[in-house]
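# Coordinate analysis (summary)
Given next are the chains, with one letter for each unit.
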Amino acid sequence: MPNPKKKHTRSRRDMRRSHNSGVEVPQLVACPNCKSPRLPHNVCPTCGFYKDRVVVAQKAKTEEPKTK
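Residues numbered from 1 in each chain as written. Predicted model: local features only at pLDDT ≥ 70, side-chain atom pairs only at ≥ 80, totals over all residues. Heavy atoms only, no water.

Regarding its fold elements, the chain presents one helix and two strands. In sequence order, the chain lays out its α and β elements as α-β-β. The proportion of buried residues among the 68 residues of the chain is 9%. Contacts in the chain between residues at least 24 apart in sequence constitute 0% of all its contacts with a sequence separation of at least 6. Carbon together with sulfur atoms contributes 54% to the accessible area of the chain, which is approximately 7,200 Å² in total. (Helix = DSSP H or I, 4+ residues; strand = E, 2+ residues; numbered from the N terminus. Buried < 20%, exposed > 50% of the residue type's maximum accessible area, 1.4 Å probe, protein only. Contact = heavy atoms within 4.5 Å. Areas by Shrake-Rupley, 256 points an atom, 1.4 Å probe, with all protein chains shown as cover.)

A word on the pattern of salt bridges. Tallied over the entire structure, the rule returns one salt bridge. Asp14 serves as the salt-bridge partner of Arg13, at 3.1 Å between the closest nitrogen and oxygen. By relative accessible area, Arg13 is classed as partly exposed at 30%. Looking at Asp14, the relative accessible area reads 39%, which means it is partly exposed. (Salt bridge = Lys/Arg side-chain N within 4 Å of Asp/Glu carboxyl O.)

Glancing now at unusual backbone geometry. With a phi angle near 65 degrees, Lys35 is a residue other than glycine that sits in the positive phi range. Its identity as a non-glycine residue notwithstanding, His41 has a phi of 60 degrees, on the positive side. Positionally, His41 belongs in the segment after β2 (37-38). Residue classification places His41 among the exposed residues on the basis of a relative accessible area of 69%.

Relative to the helices and strands, Ser36 is located in the loop between β1 (29-30) and β2. One polar contact links Ser36 to Thr46, side chain to side chain, over a distance of 3.2 Å. (Polar contact = N/O pair within 3.5 Å; in protein donor to acceptor, adjacent residues only side chain to side chain.)

Together, Val43, Val55 and Val56 line one region of the surface with nonpolar side chains, adding up to about 200 Å² of accessible area. With respect to the helices and strands, the residue Val56 is situated in the segment after β2. For Val56, a relative accessible area of 39% gives the class partly exposed. (Patch = residues over 30% accessible without salt bridge, like charges linked within 9 Å, V, L, I, M, F, W, Y side chains within 5 Å.)

In structure tokens, the structure reads:
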């Protein structure tokens, strides 16, 4: 296995690792139709709206009769 000829400084090591610290949580916006949080520039997963129109049709929730 190849080994390094010289020790890398803390500065060089940290510069290499600097790209790993920039991970951010995506910001959420409120859907103008149902006010639920969603990612910007994406279809709302709750109601299926995007840019003031229905893009994805949502399945209607049906109630099943309770049997005991």
